[in-house]
Amino acid sequence: MSTTPEVRSSKILFDGASAMIITSGRLTNAASAQFGIVYVAPCDLYIHSISYYTDTEFTHASSALTLGTLADSDAYIDAVLLDTQVPGAYEVDMASASVVLRRIPKGTAFAFGLDAADTTGKLTATAVLVPYNPA
């Protein structure tokens, strides 16, 4: 007996749904704030975790990693300071003050970004997102 697959994003099941992993691409701060790759949420998403790798040290005191919408670059993650970190791998503390909201609504265009001006720093960020379960 065959069944028709459910493909509408409004019908995505929460139980057993797989995680979605997004990346910023390699971001280089170059004298202004910038966005990485822009994604559109296929369903309501919950930010499970965020990690990043700095390969070139940031030197400007206000250099920060963000995750937000095109209209509000730090709507979800705000001001993960980068200037005191040596190159290497890091994970964002999801209980810290940097975490503004963890739920990204369906249809939202969102992206990682670098805030502030710095001519040196380079990083790549990754977020693990799961379908949001309101229960």
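Relevant structure appears above.
Residues numbered from 1 in each chain as written. Predicted model: local features only at pLDDT ≥ 70, side-chain atom pairs only at ≥ 80, totals over all residues. Heavy atoms only, no water.

Q: When you look at the pattern of salt bridges in this model, what are you seeing that I'm missing?
A: Pairing between side chains becomes possible if they bear opposite charge and their charged atoms approach one another. For the structure on display, the rule yields 2 salt bridges. Linking Asp-55 and Arg-26 is a salt bridge whose minimum nitrogen-to-oxygen distance equals 2.5 Å. Of this pair, Asp-55 sits in strand β4 (residues 45–56) while Arg-26 sits in strand β1 (residues 20–28), and the two are 29 residues apart along the sequence. The exposed category is assigned to Arg-26, whose relative accessible area is 52%. (Salt bridge = Lys/Arg side-chain N within 4 Å of Asp/Glu carboxyl O. Helix = DSSP H or I, 4+ residues; strand = E, 2+ residues; numbered from the N terminus. Buried < 20%, exposed > 50% of the residue type's maximum accessible area, 1.4 Å probe, protein only.)

Q: Explanation requested: unusual backbone geometry in the structure shown.
A: Peptide bonds are, in most cases, trans, and in most cases residues other than glycine have a negative phi. Despite not being glycine, Ala-79 shows a phi value in the positive range, around 55 degrees. Position of Ala-79 relative to the elements: it lies in strand β6 (residues 77–81).

Q: Got a minute to help me understand a nonpolar patch on the surface in this structure?
A: Residues Phe-35, Val-38 and Leu-70 make up a contiguous nonpolar surface patch of roughly 250 Å² in combined accessible area. Position of Leu-70 relative to the elements: it lies in the loop between β5 (64–69) and β6. (Patch = residues over 30% accessible without salt bridge, like charges linked within 9 Å, V, L, I, M, F, W, Y side chains within 5 Å. Areas by Shrake-Rupley, 256 points an atom, 1.4 Å probe, with all protein chains shown as cover.)

Q: What is the right way to read the side chain of Ser-49 from this model?
A: Its place among the elements puts Ser-49 in strand β4. Only 3.2 Å separates the side chain of Ser-49 from the side chain of His-48, close enough to count as a polar contact. (Polar contact = N/O pair within 3.5 Å; in protein donor to acceptor, adjacent residues only side chain to side chain.)

Q: Help me out: how do you make sense of the nonpolar core in this one?
A: Inside soluble globular proteins, nonpolar side chains tend to come together where they are buried. In terms of nonpolar packing, the biggest core is built from 28 residues, with Phe-110, Phe-112 and Leu-123 touching the most fellow members. Looking at this core, the elements with two or more residues in it are β1, β4, β5, β6, β9 (109–115) and β10 (122–131). Excluding anything up to four places from it in sequence, Leu-123 contacts Ser-24, Gly-25, Arg-26, Leu-27, Tyr-52, Tyr-53, Thr-54, Asp-55, Phe-58, Leu-65, Leu-82 and Leu-114. (Core = buried A, V, L, I, M, F, W, Y, C linked by side-chain atoms within 4.5 Å. Contact = heavy atoms within 4.5 Å.)

Q: Teacher, can you tell me more about the environment of Thr-126 here?
A: Counting through the fold element by element, Thr-126 comes out in strand β10. Once the C-alpha coordinates of Thr-126 and Glu-91 are considered, the two residues, 35 residues apart in sequence, prove to be 9.5 Å apart.

Q: In this structure, what is going on with the packing of aromatic side chains? I would like to understand it.
A: For any pair of aromatic rings, the description rests on two quantities: the centre-to-centre distance and the angle between the ring planes. Tallied over the full model, the rule gives 3 aromatic pairs. On the numbers, 6.5 Å between centres and 35 degrees between planes, the contact of Tyr-46 with Tyr-132 is tilted. With Tyr-46 in strand β4 and Tyr-132 in the segment after β10, this pair connects stretches of sequence that are 86 residues apart. Note that Arg-103 overlies the ring of Tyr-132, its terminal NZ or CZ placed 5.2 Å from the centroid. (Phe/Tyr/Trp six-rings, centres within 6.5 Å; stacked < 30°, edge-to-face > 60°. Lys NZ or Arg CZ within 6 Å of the ring centre and 35° of its normal.)

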